[in-house]
Amino acid sequence: MADLDNKEQTEMDPADMEDVEEVEEEETAEENSKARQLTMQMMQNPQILAALQERLDGLVGSPSGYMESLPKVVKRRVNALKNLQVKCAHIEAKFYEEVHELERKYAALYQPLFDKRSEIVRAAYEPIEEECEWKQDEEEELTVSKQEEMKEKAKVEEEKKDEEKEDPKGIPEFWLTVFKNVDLLSEMLQEHDEPILKHLQDIKVKFSDAGQPMSFTLEFLFEPNEFFTNTVLTKTYKMRSEPDESDPFSFDGPEIMGCTGCTVDWTKGKNVTLKTIKKKQKHKGRGTVRTVTKTVPNDSFFNFFSPPEVPENAELDEDSEAVLAADFEIGHFIRERIVPRAVLYFTGEAIEDDDDDYDEEGEEADDEEGEEEADEENDPDYEPKKDANPPEECKQQ
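A short tour of the structure in this document, coming up.

Scoring rules and cut-offs
- Residues numbered from 1 in each chain as written.
- Predicted model: local features only at pLDDT ≥ 70, side-chain atom pairs only at ≥ 80, totals over all residues.
- Heavy atoms only, no water.
- Helix = DSSP H or I, 4+ residues; strand = E, 2+ residues; numbered from the N terminus.
- Expected span 1.5 Å × (residues − 1).
- Buried < 20%, exposed > 50% of the residue type's maximum accessible area, 1.4 Å probe, protein only.
- Phe/Tyr/Trp six-rings, centres within 6.5 Å; stacked < 30°, edge-to-face > 60°.
- Lys NZ or Arg CZ within 6 Å of the ring centre and 35° of its normal.
- Patch = residues over 30% accessible without salt bridge, like charges linked within 9 Å, V, L, I, M, F, W, Y side chains within 5 Å.
- Areas by Shrake-Rupley, 256 points an atom, 1.4 Å probe, with all protein chains shown as cover.
- Salt bridge = Lys/Arg side-chain N within 4 Å of Asp/Glu carboxyl O.
- Lys, Arg positive; Asp, Glu negative; His and termini not counted.
- Charge placed at Lys NZ, Arg CZ, Asp CG, Glu CD.
- Core = buried A, V, L, I, M, F, W, Y, C linked by side-chain atoms within 4.5 Å.
- Contact = heavy atoms within 4.5 Å.
- Pairing = 2+ DSSP bridges.

**Describing helix α12 (residues 318–338)**
If you check α12, its first and last C-alpha atoms are 28 Å apart, about what 21 residues at 1.5 Å a residue would give, namely 30 Å. Restricting attention to buried positions, one finds in α12 the residues Ser320, Leu324, Asp327, Phe328, Ile330, Gly331, Phe333, Ile334, Arg335 and Ile338.

**Things to note about the packing of aromatic side chains**
Within the structure shown, the criterion is met by 21 aromatic pairs. Centre to centre, the rings of Phe220 and Phe305 are 5.2 Å apart; their planes meet at 85 degrees, and the pair counts as edge-to-face. Note that Phe220 is positioned in strand β2 (residues 215–222) and Phe305 in the loop between β6 (289–297) and α12, a separation of 85 residues in sequence. Among the aromatic residues, ring-to-ring pairing joins Phe179, Phe220, Phe222, Phe228, Trp266, Phe301, Phe302, Phe304 and Phe305 into one connected group. Note that Lys235 overlies the ring of Phe304, its terminal NZ or CZ placed 3.5 Å from the centroid. Positioned above the aromatic ring of Phe216, the side-chain terminus of Arg335 is 4.8 Å from the ring centre.

**Structural notes on a negative patch on the surface**
The grouping of Glu315, Asp317, Glu318, Asp319 and Glu321 at the surface amounts to a negative patch. Within the element layout of this structure, Glu321 appears in helix α12. Since its relative accessible area comes to 44%, Glu321 is described here as partly exposed.

**Considering unusual backbone geometry**
The residue Ala123 is not glycine, and still its phi comes out positive at about 65 degrees. Within the secondary structure, Ala123 sits in the loop between α5 (72–121) and α6 (129–132). Residue class for Ala123 comes out partly exposed when judged on its relative accessible area of 37%.

**Thoughts on the nonpolar core**
Counting 47 residues, the largest nonpolar core has Phe179, Phe220, Phe301, Phe302, Phe304 and Ile334 as the members making the most contacts within it. When residues of this core are assigned to their parent elements, the largest contribution, six residues, is made by α12. The residues contacting Phe301, other than those within four sequence positions of it, are Phe179, Met188, Leu189, Asp193, Leu197 and Phe220.

**Some remarks on the pairing of β6**
Direction of pairing for strand β5 (residues 274–282) relative to β6: antiparallel, over a ladder of nine bridges. Across the sheet, the residue bridging to Thr276 is Thr295, located in β6. Here β5 folds back onto β6 in antiparallel fashion, the turn holding six residues, of which Gly287 has a positive phi close to 80 degrees.

Structure below.
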């Protein structure tokens, strides 16, 4: 009888078995959903993210254990390959030195064109009609109807008459407009810088002479003005194209090692890199109050010409390192992009090209985000109310 009871307990109806399986599946799905929600909340916690990033940074470059497991004879051969790689780095350094020589050679070919650009901008040369003709793309021509063309032509004629009345010289505020159009440079500009930069007539790049240490100098040419007596402000960037002996595998082309600015001879009362503030001080004993005038640094584009000094055998603090890193990026950008393509940054065409690159990345990110949202909507266990709190800016809206 007992055997019969045990048999009845161990044998279950197939339908009951299906019910048990469904319950287990539901429990598993619920556990997965809770785990996913918990993970999302954790990943939105800045402290947890910082700790995770610190942990990942510590793993970068750490040995995987594979090299240690290799036989000694194989390790010797790997060391031989690494020695070959060091030699490759030194050859690559020579390659970049020759590239620098080519840059110097072609800079001389570009310069007459840049000089003519400068003459047109500052009204030293008036281009002839043939030089001013510009053929639009066929696509641009097709998008404009005949009626719109007539309106545009009438508008141009009116503007031409206005210009003849005002008689503008050259291309007013050419370089200031370039600076304001480029985010990297406009972030440096202050309102009090703009009247000064209206006097900027040209920017030139000068490379170091053959046989000299690798470097380049940015020359900012100004017309006579009321702010300073300099006609040229300079910034020189020293470069190095050789692998670091302590870490030769980190070599990735020439790097900027330091930069030197220049002294701006400000007219009295016109130095925009300094500002005067007044502070009230109370005497501890007598209780009297006096007003003290103090001169302190002021935000200005012209701080660009007074970079932090790079000590030879000492480390910079984090703030100075950040300033120099930004400075190097700006100097390189002016040399590589702004000077060669100034007119396209003036018109905005170069900026549109730069934005297109970022738009593509943004679209990919949007697509991925859309896929994640779709997955959440298709998930029967997805409950928006259980999500982490929305960002502060969403709450304010």
